[in-house]
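Here are the chains, one letter per residue:
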Amino acid sequence: LGSWLAGRSECGRPRRHLGVVSLEVNPVHVCIARHFLDLARLAGLAEVKAGQAKDILPRVGEEAGLHACAFSFMDHRGTIFHQDFALLEASLSFAPVPHLVTDNTLNPG
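Residues numbered from 1 in each chain as written. Predicted model: local features only at pLDDT ≥ 70, side-chain atom pairs only at ≥ 80, totals over all residues. Heavy atoms only, no water.

### Some points on helix 3 (residues 81–90)
1) Next: Taken residue by residue, helix 3 has Phe 81, Asp 84 and Leu 88 as its buried positions. Buried positions in helix 3, seen along its axis, are confined to an arc of 75° and lie on one side of it. Residues of helix 3 that are exposed and angled more than 90 degrees away from the buried face: His 82 and Ala 90.
2) Next: Buried residues in helix 3 make contact with helix 2 (53–64), strand 4 (69–75) and strand 5 (94–103). (Buried < 20%, exposed > 50% of the residue type's maximum accessible area, 1.4 Å probe, protein only. Helix = DSSP H or I, 4+ residues; strand = E, 2+ residues; numbered from the N terminus. Arc of directions from axis to C-beta. Contact = heavy atoms within 4.5 Å.)

Quick look at the structure:
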C-alpha cells in the first residue's frame, strides 16, 4: 500500500502533505526501499513501514489524521484486498476526493 497523505503540522495548522507512506511485509524489501530513499535523498518525503496493512493502517491513520489519504495504490494478493480496503475506509483516512488504484485483486486471475 502506498499513500499520499495530507494532514496537520505539529501546531495544528493544515499541512499540504506528509509525503508518501509505503507498507511492506518483507523486511528485506523494507531495507532496500529505505536505502533507495536515502540514496535519492527523499527520506524526508517518503517513509517505508514494515508489517501487514491490518496492523499498520490504524497507526498511519492516527499519525496523518482524518481524511488525509488523497491517493492509495494497493498491490495485493486477491484474497485480502477487501479486508484492507475496508480497514482503510473504516478509519476515515480517505480525503474528500480520494484516488484509488489496485492491482492483483482477483484470485484466481
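### Considerations on the pattern of salt bridges
Should their charged atoms come close, side chains of opposite charge can pair.
1) Next: For the structure on display, the rule yields 1 salt bridge.
2) Next: Where Lys 49 meets Glu 47, a salt bridge forms, and the shortest distance between an N and an O atom there is 3.1 Å.
3) Next: Using a relative accessible area of 7% as the deciding quantity, one classes Lys 49 as buried.
4) Next: Glu 47 gets classed as partly exposed once you look at its relative accessible area, which sits at 37%. (Salt bridge = Lys/Arg side-chain N within 4 Å of Asp/Glu carboxyl O.)

### Regarding the nonpolar core
1) Next: Formed by Val 21, Leu 23, Ala 53, Ile 56, Leu 57, Val 60, Cys 69, Leu 88 and Phe 94, the largest nonpolar core amounts to 9 residues.
2) Next: With 4 residues, the single largest contributor to this core is helix 2. (Core = buried A, V, L, I, M, F, W, Y, C linked by side-chain atoms within 4.5 Å.)

### Examining helix 2
1) Next: Taking 1.5 Å of rise per residue, 12 residues should cover 16 Å, and helix 2 covers 15 Å from first to last C-alpha, within 8% of that figure.
2) Next: By the burial criterion, the buried members of helix 2 are Ala 53, Ile 56, Leu 57, Val 60, Gly 61 and Ala 64. Along helix 2, the residues classed as buried sweep out an arc of 145° about the axis, all on the same side. Among the exposed residues of helix 2, those oriented more than 90 degrees off its buried face are Asp 55 and Glu 62.
3) Next: Once helix 2 ends, the next one or two residues include Gly 65, with phi positive near 95°. (Expected span 1.5 Å × (residues − 1).)

Nothing here speaks to function; it is geometry throughout.
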